[in-house]
Amino acid sequence: MKTLLACILTLLVLRVAPADEPQTLPTKRVLLIGQGPDGHPPTTHEYRAGTRIVAKLLSRQPKVQTIVVSADDEWANGPMLLDGADAVVLFVSQGAKWIQATPQRLAAFQALAQRGGGLSVLHWGMGTKDAVDIPAFVDLFGGCHGGPDRRYKVLETQLELASNTHPIVRGVAPLKVQDEFYYQLKWPQPATKHEPLLQVTIEGQTYPVAWSWERPAGGRSFGFSGLHFHDNWKHESYRRVVLQAVLWTIGRDIPTSGIDVAISADDLKLNDKATP
């Protein structure tokens, strides 16, 4: 088992702000939690590659530090890493189950939420096969794809804006996309300050597949049920909504036209040599 120090030295991606950047911004540390293959076909559920892309996008933002870690094995250092984070991005297999694997892990996520930390979740990171995992996860992230009645579908569809006013969707354009979307998600009750951001039509009915939530006790949460296929990171709107959502959860302002999310072909590669 690696020590915490070795983990940080190996996985910390630190952006140092140039001298001409705003010095009034507080430095925020974002923990990006990915994972190795979970049995899905290659090019799907590519958690590690996805977290590298999010880290790359965040690295250009002032006063943001990113730590990219693996959720595999016992994750013994996880609660300590969460204690030092201001926000988390969860992109793992059955995340709703995973965060409750140990009482210490769940308590660390709850402590982050209680101090107003940002919580973002992508695709199967919001999922669980067991209904028992749903309530605690919904209380943190504001949505869950869970239980034996969960619904999902791979299809080509139009991804539409469900909100035209939220900062997260600034500069985000509708697009036709092939993806596996989770829908008929479980929501907090009552769902106050809970706003759908993106939606798709499945079998003639419209469902929200991305949301924002200003948690009643303070802090912000975001979720997006797409990103089954790694190739969808090539879409500018996908990258922009994820980046802007993470920044929104840490209280950053989003420009009216949206944030630049350009990446290179190398950034999309599925290998460990791709730059973070």
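Definitions and limits used
Residues numbered from 1 in each chain as written. Predicted model: local features only at pLDDT ≥ 70, side-chain atom pairs only at ≥ 80, totals over all residues. Heavy atoms only, no water. Core = buried A, V, L, I, M, F, W, Y, C linked by side-chain atoms within 4.5 Å. Buried < 20%, exposed > 50% of the residue type's maximum accessible area, 1.4 Å probe, protein only. Helix = DSSP H or I, 4+ residues; strand = E, 2+ residues; numbered from the N terminus. Contact = heavy atoms within 4.5 Å. Phe/Tyr/Trp six-rings, centres within 6.5 Å; stacked < 30°, edge-to-face > 60°. Lys NZ or Arg CZ within 6 Å of the ring centre and 35° of its normal. Expected span 1.5 Å × (residues − 1). Pairing = 2+ DSSP bridges. Right-handed = clockwise from strand over helix to strand, strands pointing away. Salt bridge = Lys/Arg side-chain N within 4 Å of Asp/Glu carboxyl O.

*Asks:* Break down the nonpolar core for me, citing the residues and quoting the values.
*Replies:* Leu31, Ile33 and Phe224 are the most contacted members of the largest nonpolar core, which has 81 residues in total. It is helix 7 (residues 236-249) that provides the largest number of residues to this core, a total of 8 residues. Dropping the residues within four chain positions of it, Leu31 is found in contact with Ile67, Val69, Trp75, Leu81, Leu82, Ala85, Ala87, Val88 and Val89.

*Asks:* Which residues make up the packing of aromatic side chains, and what are the values?
*Replies:* Summed over the entire model, instances satisfying the criterion amount to 10 aromatic pairs. Ring plane angle 85° and centroid distance 6.2 Å describe the contact between Trp98 and Phe109, whose orientation is recorded as edge-to-face. Of the two residues, Trp98 sits in helix 4 (residues 95-98) while Phe109 sits in helix 5 (residues 103-114), which places them 11 residues apart along the sequence. Assigned by exposure class, Trp98 and Phe109 land together as buried. Each ring, one from Trp187 and one from Trp211, has its centre 5.2 Å from the other, and the planes form 80°; the classification is edge-to-face. A residue pair is termed long-range when its members are at least 10 positions apart, and Trp187 in the loop between strand 9 (175-183) and strand 10 (194-202) and Trp211 in strand 11 (residues 205-214) qualify at 24 residues. Among the aromatic residues, those joined into a cluster by ring pairs are Trp75, Trp98, Phe109, Phe137 and Phe141. Over the ring of Trp98 we find Arg105, and its NZ or CZ is 4.3 Å from the ring centre.

*Asks:* Pulling in residues and values, what's your account of helix 5?
*Replies:* Here helix 5 is 12 residues long and its end C-alpha atoms lie 16 Å apart, about the 16 Å a rise of 1.5 Å per residue gives. Lining the buried residues of helix 5 we find strand 2 (28-34), helix 3 (78-83), strand 4 (87-90), helix 4, strand 5 (118-122) and helix 6 (134-141). Residue Gly116 follows helix 5 closely and has a positive phi angle near 85°.

*Asks:* Which residues make up the environment of Trp248, and what are the values?
*Replies:* When you line up the elements, Trp248 lands in helix 7. Residue Trp248 is classed as buried on the basis of its relative accessible area of 4%. With 81 residues separating them in the primary sequence, Trp248 and Pro167 have C-alpha atoms 7.6 Å apart. Apart from the residues lying within four places of it in its own chain, the contact partners of Trp248 are His166, Pro167, Ile168, Ser212, Trp213, Glu214, Arg220, Ser221 and Ile254.

*Asks:* So what's going on with the pairing of strand 2? Residues and values would help.
*Replies:* Successive side chains on a regular strand alternate, one facing one side of the sheet and the next facing the other. Burial analysis of strand 2 places 5 of its 7 residues in the buried class, the great majority of the element. With 7 bridges connecting them, strand 2 and strand 3 (residues 64-70) associate as parallel partners. Within strand 3, the residue paired with Val30 across the bridge is Thr66. Since strand 2 and strand 3 lie parallel, the crossover through helix 2 (residues 47-58) that links them has a hand, and here it is right-handed. Sheet topology note: the strand 2/strand 4 ladder contains 4 bridges and is parallel. Along strand 4, the bridge assignment pairs Ile33 with Leu90.

*Asks:* Break down the pairing of strand 11 for me, citing the residues and quoting the values.
*Replies:* Bridge analysis of strand 10 against strand 11 gives 8 bridges, and the strand direction is antiparallel. Bridge pairing links Thr201 to Thr206 in strand 11. Two successive antiparallel strands, strand 10 and strand 11, enclose a turn made up of 2 residues, where Glu203 displays a positive phi of approximately 50°. Pairing analysis gives 5 bridges linking strand 11 to strand 12 (residues 220-224), with the strands arranged antiparallel. Across the sheet, the residue bridging to Trp213 is Ser221, located in strand 12. Counting the residues between successive antiparallel strands, the hairpin from strand 11 to strand 12 contains 5 residues, one of them, Gly218, with a positive phi of roughly 110°.

*Asks:* Hey, could you go over the pattern of salt bridges for me, with residue numbers and the actual values?
*Replies:* Applying the stated criterion to the full structure yields 8 salt bridges. Ionic pairing is found between Glu203 and Arg151, a salt bridge with its closest N-O pair at 3.8 Å. With Glu203 in the loop between strand 10 and strand 11 and Arg151 in strand 8 (residues 151-161), the pair connects residues that are 52 residues apart, well separated along the chain. Among the residues examined, Arg151 registers a relative accessible area of 30% and is labelled partly exposed. A relative accessible area of 60% means that Glu203 is categorised as exposed. Via salt bridges that share partners, Arg151, Lys153 and Glu203 belong to a single interconnected network.

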